[in-house]
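Take a look at the letters that make up each chain.
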There are 2 protein chains.
Amino acid sequence: MEYTRIDYRKTFDFCQKVFEFYGFSKEEAKDITDILLDADLSGIESHGVQRLIRYYHELTDLAYVDAKARPEIVKETPLSAAIEGHRAMGQLVGKFAMQLAIDKAKKNGVGMVAVRNSNHYGIAGYYAKMAAEEDLCGVSMCNTESIMVPTFGAEGVLGTNPIAFCMPAEPKNFLFDAATTVVPRGKLEVYVKRGNGLPFGWAMDETGKDSDEGDRVLKNIIEKAGGGILPLGGCGELTSGYKGYGFGMIVEIMCGILSQGATSNHIAREPGHVNTSQFFMAFDHGMFGDKKEIEKRLSVFLQEVRDSKKAEGADRIYIHGEKEYEAREKVLSEGIRVNEKTLSEMKMIGEQTGVEFPF
Amino acid sequence: MEYTRIDYRKTFDFCQKVFEFYGFSKEEAKDITDILLDADLSGIESHGVQRLIRYYHELTDLAYVDAKARPEIVKETPLSAAIEGHRAMGQLVGKFAMQLAIDKAKKNGVGMVAVRNSNHYGIAGYYAKMAAEEDLCGVSMCNTESIMVPTFGAEGVLGTNPIAFCMPAEPKNFLFDAATTVVPRGKLEVYVKRGNGLPFGWAMDETGKDSDEGDRVLKNIIEKAGGGILPLGGCGELTSGYKGYGFGMIVEIMCGILSQGATSNHIAREPGHVNTSQFFMAFDHGMFGDKKEIEKRLSVFLQEVRDSKKAEGADRIYIHGEKEYEAREKVLSEGIRVNEKTLSEMKMIGEQTGVEFPF
């Protein structure tokens, strides 16, 4: 597939105007775009501008997203809130919920916010980073349509269920952001497109066996015919797949259970009925001691990990977040990498919305 | 090796009296024993009475534990505390810290407590369960001597770094308790004793390669000659070992960094100088809605996971904690499983302390 690079600033303006067309205020459209393109800036193209087509459909014919809806606090304490998402745009719900957690953490030390009936909110790491920008620690999780098969199971019951954690450090914040499955669905799709078999340890066929047959696995997932993606740790107990399955369960609890919303096995993707659950937390590490001293200790530790002995053939040990921060500089200077398909989708969306396509 | 079963109650009395001999009050000795034997009751024999010999040495010739020391709060807010462990018995520090987190959660909704300069505290799950017994959600983590090799590294920098999470549910609480390495060191030792090669995906040799040579890996670990145990997700990036490495990093942050104590790469095991770090959290899920309704939703979800499609050849999907709760009934009725070595160590400790050996 042909790839080209498009200017970040022009792409931002284009997306923002598209979202304004669908009824979001200037500020809201800017936030949605900022979160969408933060994925491209982080080198996570799967969640970036190539998903614009998805939001276009979810706002129009699919009607997953209610562009007029806004999140509502249904229960609140000084440290917590439960939020009804009302099927609003996931990025708006996420930003609202994380800001609420941050405000509570700034005032009282800790903020925990659980959300139900939301939509896809982009990359989990964005929200964790919001806390770090306010000199707090941040946590974000969300569930998804079910695709993770529990240990000894043969069908997806849990979602890919990412967990993100961010804490301020020098020269760059520590930023962990990972699905609790071995890989996301997009990675299977890339392998299948390339015509390669899957590595064992990624996915499971409909009988419950570790499978390298990508076509079969994807077909089953689409038809909900059993099988799915393995939890971190792989198939069965030998390499401790029940641990990844457990982390996935914790995400279901913090998101779907605490919010009294849907767990992944009940997430629907039908017009007028979408119900992703999310969780956000911020806490002030200054509750435990001098804040700058604690951050300095983290920065020193991160450098010790970087400086530890490398495997033969490896020249670098990465700290979580480094690859993302380094991608940012490249994308800002060289542009967002998109393929022909994404470009033509953007062009079509421009025509539909009357927003000038800048490329 | 020969195994035999010994009565739980008699073992409890014996251990309690041994700890009383070393200067702990009746109540303290009871708590230490309760935590020690909770591992046996949970079917986690590696952390149970077979470790009595270890505590014996740590209280006497090794002098890792200061039997006279008690934990001290060095910083406190309504939601948090930082605790100096003063090298006190890890179980006493852990129980004190988790009780403090529970008290804060009961009063204010959330309690977070970070501990430095503590000792081994037994199974992480015990402390998470303490919160669930008070109808709260509980979290516990600890770091250990460094043994986990970061992705692309070739020496242990992080510990096995377990994470435990417990939430009330029917018929049994959800209880996750897992090292963030693929396996604990004890599991390598069992394979080596049996004369078997290690499964690939567990451990790494001193050059940074995935290794099945258990003897070589263990020798390197003992001599600190490089290599170690792999993070959950395995070697390199193909099966996402950087995610297990990331969970291990989060444990270092919550334990060693927040407490301003030691990260695993600085944990010493020398007389008069031990410095494990721990973290405890309790929160009231009633902050998000009706407590009983939330617990009921969890119980329903757990049953849905149990009832989902099984892999061919599997007849059951386990919820985290079920194996532990089922082991309990067996151990209480049939006794704790110990080998000859443990029995003779207990006998020796009985002679040294003047406590009658009951078997």
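One can find the structure itself at the top, above this paragraph.
Residues numbered from 1 in each chain as written. Chains lettered and ligands numbered in written order. Predicted model: local features only at pLDDT ≥ 70, side-chain atom pairs only at ≥ 80, totals over all residues. Heavy atoms only, no water.

A. Helix H5 (residues 124-133) of chain A, seen in detail. Residues and elements named next belong to chain A. The buried count for H5 comes to nine of 10 residues, which makes it a mostly enclosed element. Among the residues of H5, Ala124, Gly125, Tyr126, Tyr127, Ala128, Lys129, Met130, Ala131 and Ala132 are the ones counted as buried. Phi turns positive one or two residues past the end of H5, at Asp135, with a value near 65 degrees. (Buried < 20%, exposed > 50% of the residue type's maximum accessible area, 1.4 Å probe, protein only. Helix = DSSP H or I, 4+ residues; strand = E, 2+ residues; numbered from the N terminus.)

B. Layout of unusual backbone geometry. The linkage connecting Glu170(A) with the following residue, Pro171(A), adopts the cis geometry, with an omega of -5 degrees. Among the secondary structure elements, Pro171(A) is positioned in the loop between strand E6 (163-167) and strand E7 (174-178). The backbone phi angle of Ala63(A) is positive, close to 55 degrees, even though this residue is not glycine. Structurally, the position occupied by Ala63(A) is in the loop between helix H3 (52-59) and strand E2 (72-77). Despite not being glycine, Phe152(B) shows a phi value in the positive range, around 75 degrees. You can see Phe152(B) is positioned in the loop between strand E5 (137-142) and strand E6 (163-167). For Phe152(B), a relative accessible area of 25% translates into the label partly exposed.

C. Local environment of helix H11 (residues 340-353) of chain A. All names here are of chain A. If you check H11, its first and last C-alpha atoms are 20 Å apart, about what 14 residues at 1.5 Å a residue would give, namely 20 Å. Among all positions in H11, only Thr342, Leu343, Glu345, Met346, Ile349, Gly350 and Thr353 are buried. With its buried residues spanning 160 degrees around the axis, H11 presents them on a single face. When the buried face of H11 is taken as reference, the exposed residues oriented beyond 90 degrees from it are Lys341 and Glu351. Residues of H11 that are buried in the fold lie against strand E1 (3-6), helix H1 (8-21), H3 and strand E14 (336-339). Phi turns positive one or two residues past the end of H11, at Gly354, with a value near 75 degrees. (Expected span 1.5 Å × (residues − 1). Arc of directions from axis to C-beta. Contact = heavy atoms within 4.5 Å.)

D. Broad picture of the environment of Ile250(A). Its location among the elements puts Ile250(A) in helix H8 (residues 241-257). Judged by its relative accessible area of 10%, Ile250(A) is buried. Among all residues touching Ile250(A), those that are not within four sequence positions of it are Phe165(B), Phe174(B) and Phe176(B).

E. Representation of the nonpolar core in the model. Residues Met112(A), Phe283(A), Met112(B) and Phe283(B) are the most contacted members of the largest nonpolar core, which totals 80 residues. Not counting chain neighbours up to four residues away, the residues in contact with Met112(A) comprise Leu79(A), Ser80(A), Ala81(A), Met254(A), Phe279(A), Phe280(A), Met281(A), Val110(B), Met281(B), Phe283(B), Met287(B) and Phe288(B). (Core = buried A, V, L, I, M, F, W, Y, C linked by side-chain atoms within 4.5 Å.)

F. Expanded view of the side chain of Asn220(A). Residues and elements named next belong to chain A. When you line up the elements, Asn220 lands in helix H7 (residues 214-223). The buried category is assigned to Asn220, whose relative accessible area is 8%. Once residues lying within four places of it in the same chain are set aside, the contact partners of Asn220 are Glu206, Ala225 and Gly226.

G. Representation of the environment of Glu170(A) in the model. Residue and element names in this part refer to chain A. As for its position among the elements, Glu170 is in the loop between E6 and E7. On the basis of relative accessible area, Glu170 is assigned to the exposed category, the value being 58%. Separated by 160 residues in sequence, Glu170 and Lys10 place their C-alpha atoms 31 Å apart.

H. Here's a closer look at the relation of the copies chain A and chain B. Mapping chain A onto chain B calls for a screw motion: a turn of 180 degrees about the axis and a shift of 0.0 Å along it, with 0.0 Å RMSD after fitting. What we have between these two chains is a two-fold relation. Residue Gly233(A), judged by its C-alpha, is the member of chain A lying nearest the rotation axis, at 2.4 Å. Both copies share a contact surface, since 100% of the interface residues of chain A are interface residues in chain B too. (Least-squares fit on C-alpha atoms with pLDDT ≥ 70 in both.)

I. Main features of the interface of chain A and chain B. Between chain A and chain B, the residue contacts involve 91 residues of the former and 91 residues of the latter. In this assembly, chain A and chain B are joined by four salt bridges. Across the pair Lys209(A) and Glu312(B) runs a salt bridge whose closest N-O atoms are separated by 3.7 Å. Our count for the contact surface shared by chain A and chain B stands at 40 residue pairs in polar contact (both at pLDDT 80 or more). Mapped by element, the contributors of at least two residues to the side of chain A that touches chain B are E2, strand E3 (80-84), strand E4 (110-118), E6, E7, H8, strand E13 (276-283) and helix H9 (291-307) of chain A. (Salt bridge = Lys/Arg side-chain N within 4 Å of Asp/Glu carboxyl O. Polar contact = N/O pair within 3.5 Å; in protein donor to acceptor, adjacent residues only side chain to side chain.)

J. Structural view of the sheet that holds E7(A). Residue and element names in this part refer to chain A. With mixed pairing, seven strands are arranged side by side in an open sheet as E2-E3-E4-E13-E5-E6-E7. The sheet is open, and its two edges are formed by E2 and E7, each paired on a single side. The sheet shows a mean angle of 10 degrees between the axes of neighbouring strands, direction not considered. Inspection of the sheet shows E6 paired to E7 by five bridges, in the antiparallel sense. Its bridge partner being in E7, Cys166 is matched across the sheet by Leu175. Helix H4 (residues 90-108) rests against E2, E3, E4, strand E5 (137-142) and E13 of the sheet, and its axis sits at about 160 degrees to E4. (Pairing = 2+ DSSP bridges. Axes fitted to C-alpha atoms, helices over the stretch in contact; angles between N-to-C directions.)

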